[in-house]
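Analysis of the macromolecular model
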Amino acid sequence: PEELEKGMIEALKAEVPTLCSATMERACNLSCKHCLYPKEEKSSQEESKKVGLDKIIYNIVDQMPTKETSPRNMTGEVRAESPAFLHIGRILREWHLDILKNVKERRPDIRVGLIDNGTYTRFLDKFKEKNIKLDWLDVSVDGVKEFHNLQRDSDSAFDIMMNGLKHAREITVSPKEGGKITSLFTLSNLNYQDKNIEKTADMLLSGENPPVDEFNITTMSATTEREDLNDFIISPNFKEGDVEEFKEAWEQIKNVFNKYGRDKSGKQKVHLRMYIHNDVEKLAYAVGPKKFMEAINDRESDDFVGVDIGKMTFKIDGVTVDYFPMSIWPPEEFNIDADGANRTAYSITHTLKELQSGKGKDGGGTKGYTVDYLNNDSDFIKTYQKEVDQWMEFKGKDFLREEIEMFDRIKKLSEEKAL
């Protein structure tokens, strides 16, 4: 309905992101099989320096609301998290270090993080020389040695990653000050086998001084722009009833949550995050539509968690599932690309050249991904609100329709099973 859609857009505009993420280099030292970035992408360093990416970043983070002043606090309760800045890729360059340091000095209340494959250790001495301490560091791990190297298409990726974990606490603030080390496991049809999920959790979370504080699992995303990635998606034929791969992965995920889900204080240490509605539907088929519908509708038991800004959370078989619908993606992050542009989700499936020209290599249009080219005077709130409007017209409404249809299918199947 038109009124519902209008109210939804107004709500999204008020839910200003607390996270600013920056793609500060589009080249990488690896060619991971699950990576959304095109393999033909070249270094963006010269372009970033030409547009003054550092000053563009400073201008945006300077404007980010504090936890207390965030527009998210519409009800008078502080619902917003502390603001954060995240270096999301693809690899760390030496000139990026000053940006990380300066962001923290300009806004001490902002949490500064880095997602990395372990190659940051090239600059370990520079981190110490510049006295840079991250609030959190995520070193991506896709399995024990055999599977990590397979998914990352490299014979040395695992050793590089382990070296990154070894030195991680040297460049992060202490856990007492809120610092944390995390790892992201991207589930694919390459790394679900041979109890690899459980073995990875054991490697990362066991012992008195485990190398990470949190183990995050997410499903590999399929995109229409990158059909080549479909070869690595787990249980791609789920609508035809083939969910055996996902079922095997789910059994392991249940065991990981049972063993490591929360620490003695009750703090959650394992997270399962889903972003694509297809993966939620796979889960429903794997556990059974009736059990799934009961889980997302049960508001009485302790297992029900609820909804928050940008996500819904539910619990099945002891596993807490965080689902972030793509239809309402904008509040998740404000992204700054390597050429200084504010872009939407999935823009990274195209090269900078394709995004700037407005045309993909397959002839399709890419203009919808670019919201605005930022400068030193760009307004954070106005740009974000423009992003909401553009996202909804570009992809949001289509995602919303598909999400509604997905839940309707599951509901119908659950009712049929109940008869």
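What you see as residue numbers is a count from 1 along each chain, following the sequence as written. Confidence filtering applies because this is a predicted model: local features only for residues at pLDDT of at least 70, side-chain atom pairs given and counted only at 80 or more, and all residues used for totals across whole chains, interfaces and linings. Think of the side-chain values as coming from all heavy atoms in the structure, minus any hydrogens and water.

Examining the overall build of the protein
For the record, the criterion: Only DSSP runs of H or I covering at least 4 residues are called helices, and only runs of E covering at least 2 are called strands; the numbering of each starts at the N terminus. This radius of gyration counts C-alpha atoms alone. The globule rule is 2.2 Å times how many residues there are, raised to the power 0.38. Residue contacts are counted whenever heavy atoms from the two residues lie within 4.5 Å of one another. Methods summary: accessible areas were calculated by the Shrake-Rupley approach with a probe of 1.4 Å, and residue burial reflects only the protein chains presented.
Looking only at helices and strands, the protein has 13 helices and 13 strands in total. Its C-alpha radius of gyration of 21 Å places the protein within 12% of the 22 Å reference for a compact globule of 419 residues. Taking as baseline every contact in the protein between residues at least 6 positions apart, the subset at least 24 positions apart corresponds to 73%. Here the protein displays about 19100 Å² of accessible surface, and carbon together with sulfur accounts for 48% of that area.

Comments concerning the packing of aromatic side chains
We describe a pair of aromatic rings using the distance from one ring centre to the other and the angle between the two ring planes. Where we set the bar: Pairing of aromatic rings covers Phe, Tyr and Trp, the last counted by its six-membered ring, and requires centre-to-centre distances within 6.5 Å; plane angles under 30 degrees mean stacked, over 60 mean edge-to-face, and any other angle means tilted. For the exposure calls, accessible area comes from a 1.4 Å probe over protein chains only, and a residue counts as buried if that area is under 20% of its type's maximum, exposed if over 50%, partly exposed in between.
For the structure on display, the rule yields 11 aromatic pairs. Taken together, a centroid distance of 5.9 Å and an interplanar angle of 55° make the contact between Phe238 and Tyr285 tilted. With a gap of 47 residues between them, Phe238 in the loop between strand S6 (214-219) and helix H9 (244-260) and Tyr285 in helix H10 (residues 277-287) connect regions that are remote in the sequence. Classification of Phe238 as buried rests on a relative accessible area of 4%.

Describing the environment of Tyr373
What counts, and what does not: Any pair of nitrogen or oxygen atoms within 3.5 Å is treated as a polar contact; in protein, a donor-acceptor pairing is required on top of that, and neighbouring residues in sequence qualify only through side-chain atoms on both sides.
Relative to the assigned elements, Tyr373 resides in strand S13 (residues 370-373). Judged by relative accessible area, Tyr373 falls into the partly exposed class, the value being 40%. Sequence separation of Tyr373 and Asn59 is 314 residues, and the distance between their C-alpha atoms is 13 Å. In contact with Tyr373, not counting residues within four places along its chain, are Asp339, Gly340, Ala341, Arg343, Leu355, Gln356 and Ser378. A distance of 3.3 Å separates the side chain of Tyr373 from the side chain of Arg343, its partner in a polar contact.

A closer look at the pairing of strand S5 (residues 180-187)
Put simply, the rule reads: Pairing between two strands requires that DSSP report at least two bridges joining them. For crossovers, right-handed means that the path from the first strand over the helix to the second runs clockwise, given strands pointing away from the viewer.
The element S5 is largely enclosed, with a buried count of 6 among its 8 residues. Bridge count for strand S4 (residues 136-139) against S5 is 3 bridges, and the pairing is parallel. When the bridges of S5 are listed, Asp138 appears paired with Thr182. Alignment of S5 against S6, held across 6 bridges, turns out to be parallel. Looking at S6, one finds that Thr186 is bridged to Thr218. With respect to chirality, the unit in which S5 leads through helix H8 (residues 196-205) into the neighbouring parallel S6 is right-handed.

Here we look at helix H4 (residues 96-106)
To be explicit about the condition: To be clear, the arc concerns the directions from the helix axis to the C-beta atoms.
Residues of H4 that are buried: His96, Leu97, Ile99, Leu100 and Val103. Buried residues in H4, looked at end-on, bunch into an arc of 165°, giving them a common side. Next to the buried residues of H4 lie helix H3 (53-63), strand S2 (84-89), strand S3 (111-116) and helix H5 (124-129).

Concerning the pattern of salt bridges
Inclusion rule: Just to be clear on terms, a salt bridge is a Lys or Arg side-chain nitrogen sitting within 4 Å of an Asp or Glu carboxyl oxygen.
Tallied over the full model, the rule gives 36 salt bridges. Between Glu25 and Arg93 there is a salt bridge; the shortest N-O distance is 3.0 Å. Of the two residues, Glu25 sits in the loop between strand S1 (19-23) and helix H2 (45-51) while Arg93 sits in the loop between S2 and H4, which places them 68 residues apart along the sequence. Linking Arg343 and Asp337 is a salt bridge whose minimum nitrogen-to-oxygen distance equals 2.8 Å. For the pair formed by Arg343 and Asp337, the shared burial category is buried. Through salt bridges that share partners, Arg26, Glu41, Asp337, Asp339 and Arg343 make up one connected network.

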